[in-house]
Amino acid sequence: MRKLVYYVAATLDGFIAAPDGSFDFFPLEPDVLAHLVAEWPQTFPAFTHPQFGIESPQGRFDALVMGRGTYDPGLKLGVTSPYAHLKQYVFSRSLPPADDPQVEIVDGDPVAFVRELKQQPGGDVWLCGGGQLAGQLLGEVDELVIKLHPIVAGSGIKLADRGFEPHRFTLVEARPFDSGVVVLRYAAPAR
């Protein structure tokens, strides 16, 4: 069965973006960049591939899910398929159907949709963001990969925006970098 992997950058106080949705305060440190290009090349938007020397991104994902807030910044710049190398599912009740065959707008229940998606053949599914969608899908997350930055933001978009309902994960790997970033990989308990 496919896994849902929530792969995201976060601050020490648990925010993935500023209150306005921007995330440019997360620096792309050279030591971390080399690791991400080697280990997670599929998580870079297609338009950045030439800049980072990514020719044909291979890896564990063949699809991603994201919320409207995560999709909007690219859409405002005319980028309708930010991850053209993956099948993209965007959850929105207000966007019209996408013209791009790699993008599907989903207006239904994210949990039911992801449960069905995980049953289909294929690679793992990347939960690209944002915090509200992650909050809804937290019970479906099989693996949590956090690029933890040594930053305290104070406020912003939460890692998982939901009511109080603790979910425990088991640390599988912690990879610290000289820049202070730590890539943490957690597994959800067996269901």
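Residues numbered from 1 in each chain as written. Predicted model: local features only at pLDDT ≥ 70, side-chain atom pairs only at ≥ 80, totals over all residues. Heavy atoms only, no water.

1. Focus: the pattern of salt bridges
For the structure on display, the rule yields 10 salt bridges. Across the pair Arg-2 and Asp-62 runs a salt bridge, and its minimum N-O distance is 2.5 Å. Of the two residues, Arg-2 sits in the segment before β1 (4–10) while Asp-62 sits in strand β3 (residues 61–67), which places them 60 residues apart along the sequence. Note that Glu-173 is salt-bridged to Arg-185, the shortest N-O span being 3.3 Å. One end of the pair, Glu-173, is in strand β9 (residues 170–176); the other, Arg-185, is in strand β10 (residues 182–187), with 12 residues separating them in the sequence. Among the charged side chains, a network of salt bridges with common partners joins Arg-60, Asp-124, Glu-143, Glu-173 and Arg-185. (Salt bridge = Lys/Arg side-chain N within 4 Å of Asp/Glu carboxyl O. Helix = DSSP H or I, 4+ residues; strand = E, 2+ residues; numbered from the N terminus.)

2. Here we look at helix α4 (residues 110–119)
Inspection of α4 places Pro-110, Val-111, Val-114, Leu-117 and Lys-118 among the buried residues, and these make up the whole buried set. Burial along α4 is one-sided: seen end-on, the buried residues are contained in an arc of 125°. Of the residues in α4, the exposed ones pointing more than 90 degrees away from the buried face are Glu-116 and Gln-119. (Buried < 20%, exposed > 50% of the residue type's maximum accessible area, 1.4 Å probe, protein only. Arc of directions from axis to C-beta.)

3. Thoughts on helix α1 (residues 30–39)
One turn of the α-helix equals 3.6 residues, which is why residues spaced by three or four share an orientation. Taken as a whole, α1 has its buried residues at Val-32, His-35 and Leu-36. For α1, the angular spread of buried residues about the axis comes to 95°, placing them on one side. Looking at α1, the residues exposed on the side facing more than 90 degrees away from the buried face are Pro-30, Ala-34 and Ala-38. Along its buried surface, α1 packs onto β1, β7 (143–148), β9 and β10. (Contact = heavy atoms within 4.5 Å.)

4. Some thoughts on the pairing of β1
Here β1 lies mainly inside the structure; 7 of its 7 residues are buried. A two-sided burial pattern is seen for β1, the buried positions comprising Leu-4, Tyr-6, Val-8 and Ala-10 on one face and Val-5, Tyr-7 and Ala-9 on the other. As judged from the 3 bridges shared by β1 and strand β6 (residues 124–129), these two strands associate in the parallel manner. Paired with Tyr-6 across the bridge in β6 is Leu-127. (Pairing = 2+ DSSP bridges.)

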